[in-house]
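# Secondary and tertiary structure notes
For reference, the chains in residue letters:
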Amino acid sequence: MSAVEAFNALPADRLAADLRACCAAPAWGAAVAARRPYPDVAAVLSAGDAASAALNWDDVRTAMSAHPRIGERPGGAGAEAAWSRREQEAARTGDEALTTALVRANWAYEERFGHVFLIFATGKGPEEILGEARRRLGNDEQTERAEVAEELRKIARLRLERLLDALG
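What counts, and where the lines are drawn
Residues numbered from 1 in each chain as written. Predicted model: local features only at pLDDT ≥ 70, side-chain atom pairs only at ≥ 80, totals over all residues. Heavy atoms only, no water. Helix = DSSP H or I, 4+ residues; strand = E, 2+ residues; numbered from the N terminus. Buried < 20%, exposed > 50% of the residue type's maximum accessible area, 1.4 Å probe, protein only. Contact = heavy atoms within 4.5 Å. Areas by Shrake-Rupley, 256 points an atom, 1.4 Å probe, with all protein chains shown as cover. Salt bridge = Lys/Arg side-chain N within 4 Å of Asp/Glu carboxyl O. Axes fitted to C-alpha atoms, helices over the stretch in contact; angles between N-to-C directions. Parallel < 35°, antiparallel > 145°, perpendicular 65-115°, else oblique. Left-handed = near helix turned anticlockwise from the far one by under 90°. Core = buried A, V, L, I, M, F, W, Y, C linked by side-chain atoms within 4.5 Å.

### Looking at the overall build of the protein chain
For the protein chain, the helix and strand inventory stands at nine helices and zero strands. Considering the protein chain as a whole, with its 168 residues, one finds that 46% of them fall into the buried category. In the protein chain, the share of contacts with a sequence separation of at least 24, taken over all contacts with a separation of at least 6, comes to 69%. Within the structure as shown, the protein chain displays about 8,200 Å² of accessible surface, and the carbon and sulfur contribution to it stands at 52%.

### With respect to unusual backbone geometry
Pro37 follows Arg36 through a cis peptide bond whose omega is 5°. Relative to the helices and strands, Pro37 is located in the loop between helix H3 (26-34) and helix H4 (41-53).

### Brief notes about the environment of Ala34
Following the sequence through the fold, Ala34 ends up in helix H3. Placed 13 residues apart in sequence, Ala34 and Ala47 show a C-alpha to C-alpha distance of 9.7 Å.

### Some words on the pattern of salt bridges
One pass over the structure, following the stated rule, counts twelve salt bridges. Notably, a salt bridge pairs Asp18 with Arg14, separated by 2.8 Å at the nearest N-O pair. Here Asp18 pairs with Arg14, and both are found in helix H2 (residues 12-22), just four residues apart, close to one helical turn. Between Glu141 and Arg145 there is a salt bridge, and its shortest N-O distance comes to 3.3 Å. On the criterion of helical spacing, the pair formed by Glu141 and Arg145 is a turn pair, its members being four residues apart in helix H9 (residues 141-167). Given a relative accessible area of 34%, Glu141 falls into the partly exposed group. We classify Arg145 as partly exposed; its relative accessible area is 35%. One network of salt bridges, with partners in common, ties together Asp49, Glu150, Arg153, Arg157 and Glu161.

### Things to note about the packing of helix H5 (residues 57-64) against H9
In contact at an axis separation of 11 Å, H5 and H9 are set at 55° when each is read in the N-to-C sense. Put simply, H5 runs oblique to H9. Crossing geometry of H5 relative to H9 is assigned as left-handed. Together, Trp57, Val60, Ala63 and Met64 of H5 and Arg145, Val148 and Leu152 of H9 make up the contact between the two elements.

### Section: the nonpolar core
Within the largest apolar cluster, 47 residues are counted, with the highest numbers of intra-cluster contacts made by Phe7, Leu19, Cys23, Trp28 and Leu160. Looking at this core, the elements that each hand over two or more residues are helix H1 (3-9), H2, H3, H4, H5, helix H7 (96-113), helix H8 (126-136) and H9. Apart from the residues within four sequence positions on either side, Leu160 is in contact with Phe7, Leu19, Cys22, Trp28, Val44, Leu45 and Gly48.

Structure, rendered in C-alpha cells:
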C-alpha cells in the first residue's frame, strides 16, 4: 500500500490526531481531511498548503500555541513533540552568549507581538535564527502576521511530508 493509500484509509480519529501533530489548528486538519481521498502525494501537500492559506489569525494563534519557544526542548512523547525536537535542533548551541541572545530575542519578540517567535528552523543555524528574530522585530503587525502564517505553512508542510513518509 502506498503512503497516499494508507493516508486515505486512516480511520477518522487517527487521521485527526496525525493532522493535529502537523498543525494544531483544527480548521487546518478538518480542511485536509475533508478532501480525501487523494490521488497522490502532491495533492495531499497542495491541500495542506491551501488549508494553511485559509487559516484566519485566531487559527494561526491556536496552531502557534503548540509550538515551544525557539531553542527550548519540547517535552512529550507524541509525533508533534518528536518533530519539534528535531526541528529545534538548529537552535541548539554550546555558545553561551549566542544562547543568551536567542533567549533575549525571544522575549523581546513576545513582548512586541504577544506570541512566540515562530520560524521554520529546519536547515537554519542559531545565528541565522537570531538574525531572523532581530529582523522580524522591525516588522509592523500586519507584515509579521503574514510572515508567521508562511512559517507555519512551511512547518505544517514538512510535518505532513513526514507523516506521509511514516505511512509509506
